[in-house]
Amino acid sequence: MKIKHLLALLLLGLSVKLYAQKTHINGLIKENTTGLPLPGATVQVKGTPITSVSDKNGLFRMYAEPGQTLEIKFLGFVTQDIIAPGDEALFEIYMKEDTRILSEIVVTGALGIQRAAKEIGGGTQVVSNEYLNQGKTINPLTGLASKVAGLRINMYDSKVDPQIQIVIRGTRSLNRSENAPIYVVDGVPVPDISRLNPNDIESITVLKGANAAALYGSEGVNGALMITTKTGSRGTERIQFSNTTTFSKAFLLPKAQKEFGQGQNGIYDPIQSESWGPRFDGSLRDFGRLLPDGTQPQLLYAAPSEDNRLGIFQTGVNIQNDLSFSGGDESSTYFVSIQDVSIKGILPGDESQRTGARFNGSKKFGKLKTSYNINYIRFKKDMAPDGPWLAAYTSPANIDYSSLKDWLDPNSIANPNLYFTDQVKNPFFLLDNNRQSNKQQTLNGKIELEYEITPWFSALYRLGMYSSFDESQNRSGKFEAAGRRNVVGSVTDINDNFQRLNGDFILNFNKQIGRFSTSLILGQNFRSDNRKTVTVGASNLLLPDLFNPASRIGELSSGSGSSLTEYRSLAVYGEFTTGYNDYLFLTLTGRKDWVSVLAPSNRSYFYPGVSTSFVFNDAIPALKDSRVLTFGKIFASWNKTGNVTLQPYSLNNAYSQSNGFPFGNTVGFSPGSAYPNPSIQPEFVTSFEIGTQLSLFDNRLHFEGSYVYSDSEGQIFNATTSRATGYSTAIVNAGRLTNNIIELSINADVLHTKDQKLNLGLNYSHIKNQVKELYEGTSYNIFRQSYANVGQAYPSLMVSDYKRDPEGRIVINPSTGYPVLADAETHLGSMVPPFQLGFSSFYQYKSVSIGAQFDSRWGGWLYSEIIPRQYTAGTHPNTVAYDRQPFIYPNSSIELEDGRFVENRDVFSPGDKAFWDFEGKVQSNTAVQSDFFKLRELNLTFNLPPSLLSGQKIIKTASLSLIGTNLFIIRHKDNDHGDPEYLYNSTDGYVSFRQVPPYRTYGFNINVGF
């Protein structure tokens, strides 16, 4: 019995001891300087796998034994060791900022390999998830605008799925569509990231220019966007939900006059669409012809108090819902996200929807590390292709568009048969009748295996896949009517199926030899692209609502057919980096490519590169403990990269079939019109860069400056040739393009206290781009008014202009009163603004913060093809400048027979329609400087304080944000054309009547963490 009692007492004592050995540790991690909480800090019990992560409020909770050592880590702060307390009372831990932060930062370099920032000998910039999504963007590319020095983003228009053009450090190729950077998602190159969920992105590292992306070959010649998506955190599980709802309103329509209405020669005409009638007088006038029921429509002939053209547009609504789950344990992590985006455009009937899901995971098996992800996106859209709003630019100002919506009513003036004029069509009929629909499915993912053979040698294999299936239809409904009111009806169905496989096998060696660190990367890459496109179209449909190419009259459209294309490339590459004493680094790179698009004799080419960096504050003893200079680095690099801009089979003389050739149903083939030059070689871009990075006053002020020079030789493009050769063009290696670039970036923590934080950032770039050589001659027309001119920037704006006397006065024809045109076109300047400036500000007071992003560009020119049409239609403000009466042309002169010029005091210009139509065709009247300054993003956020959430255990964090984009813009005083940021047909500085006007957005975001 005594033995039993003794055993019981021993077990009780042991249990008490075991219970005492572990307790809940409750901690709060804060910044030492400001006292603000540090979310995301890692706490680990030393020597054990037990870890925890601080939440958004800096709090953590974990099991530990009293007396054990807890190690606390957070990027940018000095790692701390503390002794675990013996009770559960909350204790505070203050982290000191690491003054060596810049030298210790790790960035995502080429091939997705993490590298210390101090080693890199070229310009890089990292954009965090928070900064990228400040404006709650839907397309991640638009979230980069004005946030990176040297990076330029342009939108084509404001449709529900706008195309985006991105260029880093200027144009390198005369081929306008071949200047985009390579997109790399988690180490895998992909052709497009516009559908990628911005909330899935952890960060984007911008590797600028060919120097930083040398290991990617031709695709990296224009720089690289290295996208790192989110992963789970070990020891913590999180659920995040957010909703963003924004509203869009059209603005910046071209100005229009409101003094004269419809008619010709000052006489009212109820069926005339142009505005050459009498002055508005406030009366009711007949509008159009009699309706079938004998009613005569009437319209108030008065200048509207508001812009009636806005009646074509509606308030757009964008709704974005995101849900994510993340977590992990000691050997694995996971991240799962689901997103749904619904967009109702600013044009009635335009809409799109995107639904996506992502899974990212990792697992460690001893020395084998694995990571894998898969991303599926389903996208669909239905929108007006282009043109419906042109009628609004050329129609009288008093048109009541609200009365034109019900065009299906056979007794309404809105009906195409009864529309007030046959010169233009009802814009609402065009919106409904001409549609472009699209359904797209995208699947991409990767598998990555990395095995540590020895502590200094590892092998990695990464296989990536990207697949998209795109089904689209362009249609115009059949509408039977007389004359120009008739619409024959057409449809084009397009199926585009694309697959890419990309594989890398990489050997990575890292070895410390005395004071020297060495790193060697040896790799092999393969890429395989396959595309199948089927196009079937008909241009004369039988029935109004049946969009089937089989239901047609006559043959299929000339563009019908199918194509199969394949592209293959193989490469071997290497990178060797050595560092001395952790402050002097040298990197050598080399890559050899074999590509299928070149002739066998030229398809293999090699290109080298070298870069260096010197962290001088670590090298110079007097600067190591400087209270002013925290970090200082100078860097330089040189690189020569091959660039192949050819599409598959460009060097094959492909034959094609044409309907009715040679006659009837006889099958015939015709050769291509471009000479397939087998001697074509890659373009070669040689780049040089030198710069510095400085961090001052304990990392409160950061500065980076760079000078970059690039020289692109042997440009690949189509040059005109004599038709006597049997071809109209020939693919040639000719032309040379250079860029001289200056980049500056400044970021400052102006205010940093416990309750307040103020950060200001500025980035600036100046790009001097110049055409040095062309295939033949000194000028080459690229697109309409866009030219490549030797000795000038590319692209240059060339326009017709007036003849001027030596004093700059416009010369007038004394017989007609019309200005005399110059014999040659005038060069106005670059269509790309050479100067760019981005400015950011972020202010936080306790739980409230406000962030703003400003964007400015100047020095470029803008051309509008809308303006000439307004002149012809009499809607442009200049057409009423002289009350439509004869006038003496201002600042004009008359040329005498002896060649002298005298001031024009007696010759009157007519001021009628014919005169102003002539003025509209003088292209210098339709060109303006494209300078602008805009508030691109504004974000006001309120984070719920922990005290409001302490009474429950479900919601851990919550915030409410008010957001707006394009809230204001200041343009050059002469610019009433539109948004100078837009482009058309890959041409900067060009406004088309096919584009939808810009819009501004405003709305809110709700974010909740569980």
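On a predicted model such as this, the values are computed, not experimentally measured, just so you know.

(A) Highlighting the overall build of the protein chain. Each helix and strand counted, the protein chain has eleven helices and 59 strands in total. Compactness check: the protein chain gives a C-alpha radius of gyration of 33 Å against a globular reference of 30 Å for 1010 residues, within 12% of the reference. With respect to the three principal axes, the spread of C-alpha positions in the protein chain is 125 × 65 × 65 Å. Counting only residues that meet the buried cut, the protein chain has 52% of its 1010 residues in that class. Across the protein chain, contacts joining residues at least 24 apart in sequence account for 67% of those joining residues at least 6 apart.

(B) Representation of empty space enclosed by the protein in the model. Counted according to the given criterion, the structure contains eleven cavities of 30 Å³ or more. Estimated volume of the largest cavity: approximately 800 Å³. At four residues, the largest contribution of residues to the lining of the largest cavity is made by strand E22 (residues 316–328). Its residues assigned to classes, the lining of the largest cavity comprises 15 nonpolar, 18 polar and eleven charged.

(C) Expanded view of the pairing of strand E17 (residues 238–250). With eleven bridges connecting them, E17 and E22 associate as antiparallel partners. Residue Gln240 lies in a different strand from E22, and its bridge partner there is Ser324. In this structure, E17 lies alongside strand E59 (residues 999–1009), joined through eleven bridges in antiparallel fashion. What sits directly across from Thr246, in E59, is Gly1003.

(D) How the structure looks around the domain arrangement of the protein chain. Here the domain parsing of the protein chain yields domain 1 (17–95) and domain 2 (796–822 + 861–929). For domain 1 and domain 2, the distance between their C-alpha centroids amounts to 77 Å.

(E) Inspection of unusual backbone geometry at higher detail. With an omega dihedral of -5°, the bond running from Tyr794 to Pro795 counts as a cis peptide bond. Considering the arrangement of structural elements, one finds Pro795 in the loop between strand E44 (786–789) and strand E45 (796–799). A positive phi is found at Arg169, a non-glycine position, where the angle reads about 60°. Note that Arg169 resides in the loop between strand E12 (164–168) and strand E13 (182–185). For Arg169, a relative accessible area of 1% gives the class buried. Backbone geometry at Ser986 places phi at a positive 60°, although glycine is not the residue there. Tracing the sequence through the fold places Ser986 in the loop between strand E56 (983–984) and strand E57 (987–988).

(F) The arrangement of the nonpolar core in detail. Core analysis: the largest hydrophobic core is formed by 37 residues, its most contacted members being Ile312, Phe313, Leu347, Ile399, Tyr401 and Leu404. Counting only elements with at least two residues in this core, the list comes to helix H5 (390–394) and helix H6 (427–433). Ranked by the residues each element gives to this core, the list is headed by H6, at four residues. For Ile312, the residues in contact, after removing those within four places along its chain, are Leu347, Pro348, Ala392, Tyr401, Pro427, Phe428 and Leu431. Grouped together as the second largest cluster of nonpolar side chains are 25 residues, Leu141, Val148, Ile166 and Phe498 included.

(G) View of the confidence of the model for the protein chain. Scored by pLDDT, the protein chain has a mean of 90; 94% of the residues are at 70 or more. Below a pLDDT of 50 lies the segment residues 1–20, which in the model reaches one contact outside its immediate sequence neighbourhood of four places, other chains included.

(H) Seen up close, helix H10 (residues 913–921). Buried residues of H10: Phe915, Trp916, Asp917, Glu919 and Gly920, and no others. Residues of H10 that are buried sit in contact with helix H9 (867–873).

(I) Examining the sheet that holds strand E36 (residues 674–675) more closely. Here three strands make up an open sheet; going across it, the order is E36-E40-E39 and the pairing mixed. Here the strands that pair on one side only, and so sit at the sheet edges, are E36 and strand E39 (716–720). Two strands pair when backbone bridges link them, and E36 and strand E40 (residues 729–733) are joined in this way by two bridges, in the parallel orientation. Each bridged residue has a counterpart across the sheet, and for Tyr675 the counterpart in E40 is Ala730.

(J) The arrangement of the sheet that holds strand E43 (residues 779–783) in detail. A sheet is described by the order of its strands in space; here four strands give the open sequence E43-E44-E45-E47, paired in antiparallel fashion. Edge positions in the open sheet fall to E43 and strand E47 (826–830), since each of these has one partner strand only. Strand-to-strand, the axes of this sheet are offset by a mean angle of 40°, without reference to chain direction.

(K) Spatial organisation of the side chain of Ser840. With respect to the secondary-structure elements, Ser840 resides in strand E48 (residues 835–845). The exposure class of Ser840 is buried, given its relative accessible area of 11%. With near-sequence residues (within four places) excluded, Ser840 lies in contact with Tyr131, Asn759, Leu760, Gly761, Ala852 and Gln853.

(L) Representation of a nonpolar patch on the surface. There is a patch of nonpolar side chains on the surface, built from Phe576, Leu586, Leu588, Val610, Trp638, Phe688, Ile690, Tyr707, Ile742 and Leu744 and spanning about 770 Å² of accessible area. If you list the elements that add at least two residues to the nonpolar patch, you get strand E31 (584–595), strand E37 (683–696) and strand E41 (736–752). The class for Phe576 is partly exposed, based on a relative accessible area of 33%.

(M) Structural detail: the pattern of salt bridges. The full count for this structure, using the stated rule, is 47 salt bridges. Linking Asp496 and Arg531 is a salt bridge whose minimum nitrogen-to-oxygen distance equals 2.9 Å. Taken together, the positions of Asp496 in strand E28 (residues 490–513) and Arg531 in strand E29 (residues 516–538) put the pair 35 residues apart, joining distant regions of the chain. Salt bridges sharing partners connect three or more residues here, namely Asp855, Arg857, Lys934, Arg936, Asp979 and Glu981.

(N) Representation of the environment of Asn175 in the model. Mapped onto the secondary structure, Asn175 falls in the loop between E12 and E13. Classification of Asn175 by relative accessible area gives partly exposed; the value is 23%. Residues Asn175 and Ala730, spaced 555 residues apart in sequence, show a C-alpha to C-alpha distance of 14 Å.

(O) Geometry of the packing of aromatic side chains. Evaluation of the coordinates by the stated rule reveals 38 aromatic pairs. Between Phe60 and Phe91, the ring centres sit 6.5 Å apart and the planes meet at 85°, which makes this aromatic pair edge-to-face. With Phe60 in strand E4 (residues 59–64) and Phe91 in strand E7 (residues 91–95), this pair connects stretches of sequence that are 31 residues apart. As far as burial versus exposure is concerned, Phe60 and Phe91 are alike and both buried. Among the aromatic residues, those joined into a ring-pair cluster are Tyr802, Tyr818, Tyr871, Tyr882, Phe887, Tyr889, Phe915, Trp916 and Phe918. Lying over the aromatic face of Phe379, Arg195 brings its terminal NZ or CZ to 3.7 Å of the ring centre. Stacked on the ring of Tyr268, the Lys or Arg Arg285 has its end atom at 5.1 Å from the ring centre.

(P) Summary view of the environment of Val536. Relative to the helices and strands, Val536 resides in strand E29. Residue classification places Val536 among the partly exposed residues on the basis of a relative accessible area of 28%. For the pair Val536 and Ser476, spaced 60 residues apart in sequence, the C-alpha to C-alpha distance is 15 Å.

(Q) The side chain of Arg152, seen in detail. Note on placement: Arg152 falls in strand E11 (residues 151–155). Within the structure, Arg152 has its side chain in polar contact with the side chain of Asp988 (distance 3.4 Å). Dropping the residues within four chain positions of it, Arg152 is found in contact with Gln165, Ile166, Val167, Val832, Gln836, Arg857 and Asp988.

(R) Inspection of the environment of Asp912 at higher detail. Tracing the backbone shows Asp912 in the loop between strand E52 (901–903) and H10. As for Asp912 and Asp883, which are separated by 29 residues in sequence, their C-alpha atoms are 9.8 Å apart. When residues no more than four places from it in sequence are discounted, the contact partners of Asp912 are Trp276 and Tyr818.

Rules of the game
- Residues numbered from 1 in each chain as written.
- Predicted model: local features only at pLDDT ≥ 70, side-chain atom pairs only at ≥ 80, totals over all residues.
- Heavy atoms only, no water.
- Helix = DSSP H or I, 4+ residues; strand = E, 2+ residues; numbered from the N terminus.
- Rg over C-alpha atoms; globule rule 2.2 N^0.38 Å.
- Buried < 20%, exposed > 50% of the residue type's maximum accessible area, 1.4 Å probe, protein only.
- Contact = heavy atoms within 4.5 Å.
- 1 Å grid on protein atoms, 1.4 Å probe; cavity = no way out; pocket = protein on both sides within 12 Å on 5 of 7 lines; lining within 4 Å.
- Points joined across faces, edges and corners; volume = space filled by probe spheres on them.
- Nonpolar A, V, L, I, M, F, W, Y, C, P; charged D, E, K, R; others polar.
- Pairing = 2+ DSSP bridges.
- Domains from an automatic or database assignment.
- Core = buried A, V, L, I, M, F, W, Y, C linked by side-chain atoms within 4.5 Å.
- pLDDT = per-residue confidence, 0-100.
- Axes fitted to C-alpha atoms, helices over the stretch in contact; angles between N-to-C directions.
- Patch = residues over 30% accessible without salt bridge, like charges linked within 9 Å, V, L, I, M, F, W, Y side chains within 5 Å.
- Areas by Shrake-Rupley, 256 points an atom, 1.4 Å probe, with all protein chains shown as cover.
- Salt bridge = Lys/Arg side-chain N within 4 Å of Asp/Glu carboxyl O.
- Phe/Tyr/Trp six-rings, centres within 6.5 Å; stacked < 30°, edge-to-face > 60°.
- Lys NZ or Arg CZ within 6 Å of the ring centre and 35° of its normal.
- Polar contact = N/O pair within 3.5 Å; in protein donor to acceptor, adjacent residues only side chain to side chain.

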